[in-house]
Amino acid sequence: MVSIVLVIVAILTFSFILSFVAIAVDLALGNADTDALMEGQVSMSPTLLAATNVSLLASAAVAFLAHRFLIGLRWGHFHSVVGRFRWSWLALAAAVVVPVYLLFAASSFLDPTYQDLQIDGTVVAFIGIIILTTPLQAAAEEYMFRGVVQRSAGSWVRSPRWSFILGTAVSAPLFAVFHFAQDPWLIFYYLCFGILLSILTQLTGGLEAAIAIHIANNLFLLLVGALAGQMTEGFDRSAGQGGPFMLVPLVILAVVIVVLWLLGRRRKVETTTAEAAAPAAPVSPAAPASPGEAGPSVHGQPAAHLGQPGAGSSQPHADPGQHPDQ
């Protein structure tokens, strides 16, 4: 529970402080309108985008430290059940994901509002910040929500099945809440996005595939938004910005997850820890397990000992105005 509270506090704190600094910098450089700010109208700028991404990276760092030293989870098990980051599995997942989300983002150009492309200093700055920080931002969200929050909530119960259900029931709504959407369709989208990536993490035994999807989705949609001069519109999550068209990216995501699951099974991607996969050794009645010993675990599910979790963060749509996952 402490880890979840720290994630919430860190996101709110870093987001407020760094956004305030970014807006102050924009005002000093003449890149922000004081009257518009007084009316609550904030335009997305390269400075503000950088501040948003850095705030999420800082929040993820706090979450990592809290989970490592408060819960005692080894660094390697933040990534997957095998205790390391599976780069080959990430590359394979990316080979499936990248073409799909590249085409999805490119479909935005079918919208007339996305056809007035421009290249100027602001666009170049946006592109540089997107390429350098958005992959890290997307990964940070996965580690915070599918990693720390889900794992922490899952440790409240001992059953692997209920651990996954409870962890998802806590992490997915928090993921949706922290996108600060006011439109019901957008809220529904973020909630489903969180649930589906939670399922993918469980099915593949790690965060790598979810990270690949999150990065591809955010990266390509933001690049399209920058080129089309639609960055502010892309971050508009007010009422009326969503609609039934939000079901399209959810269907695409569901299909991609099924493909990755089948590919993972074919490649025999590990989905449980070595201890969970091995047959249980008989325990002598005269020598019961120590109260501090942790049992087997599945990614995102707790070990037998409470508080000792087992080994194990989008943008909604392309056309229709993007709503980046910041």
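Definitions and cut-offs
- Residues numbered from 1 in each chain as written.
- Predicted model: local features only at pLDDT ≥ 70, side-chain atom pairs only at ≥ 80, totals over all residues.
- Heavy atoms only, no water.
- Helix = DSSP H or I, 4+ residues; strand = E, 2+ residues; numbered from the N terminus.
- Buried < 20%, exposed > 50% of the residue type's maximum accessible area, 1.4 Å probe, protein only.
- Contact = heavy atoms within 4.5 Å.
- Lys, Arg positive; Asp, Glu negative; His and termini not counted.
- Salt bridge = Lys/Arg side-chain N within 4 Å of Asp/Glu carboxyl O.
- Polar contact = N/O pair within 3.5 Å; in protein donor to acceptor, adjacent residues only side chain to side chain.
- Patch = residues over 30% accessible without salt bridge, like charges linked within 9 Å, V, L, I, M, F, W, Y side chains within 5 Å.
- Areas by Shrake-Rupley, 256 points an atom, 1.4 Å probe, with all protein chains shown as cover.
- 1 Å grid on protein atoms, 1.4 Å probe; cavity = no way out; pocket = protein on both sides within 12 Å on 5 of 7 lines; lining within 4 Å.
- Points joined across faces, edges and corners; volume = space filled by probe spheres on them.
- Nonpolar A, V, L, I, M, F, W, Y, C, P; charged D, E, K, R; others polar.

Draft legend 1. Spatial organisation of the environment of Val269. Relative to the elements of secondary structure, Val269 occurs in the loop between helix H10 (247-266) and helix H11 (274-277). Owing to a relative accessible area of 15%, Val269 belongs among the buried residues under this scheme. For the pair formed by Val269 and Trp89, sequence separation is 180 residues and the distance between their alpha carbons is 7.8 Å. Discounting chain neighbours no more than four positions away, the residues touching Val269 are Arg86, Trp89, Thr204 and Gly264.

Draft legend 2. Representation of the side chain of Asp183 within the structure. Structurally, the position occupied by Asp183 is in the loop between helix H6 (160-177) and helix H7 (184-204). This buried residue, Asp183, is left without a salt bridge; Arg237 holds the nearest opposite charge, at 11 Å. For Asp183, the side chain forms a polar contact with the main-chain nitrogen of Gly240, separated by 2.7 Å. Within the structure, Asp183 has its side chain in polar contact with the backbone nitrogen of Gln241 (distance 3.4 Å). What Asp183 contacts, discounting residues up to four positions off in sequence, is Arg237, Ser238, Ala239, Gly240, Gln241, Gly242 and Gly243.

Draft legend 3. Inspection of a nonpolar patch on the surface at higher detail. Together, Phe16, Ile17, Phe20, Val21, Val25 and Leu29 make up an exposed nonpolar region whose accessible area comes to about 620 Å². According to the relative accessible area criterion, Ile17 is partly exposed, its value standing at 44%.

Draft legend 4. Representation of the layout of surface pockets. Within this model, the largest pocket holds a volume of roughly 750 Å³. At five residues, the largest contribution of residues to the lining of the largest pocket is made by helix H3 (residues 46-71). Taken together, the residues of the lining of the largest pocket sort by class into nine nonpolar, 13 polar and two charged.

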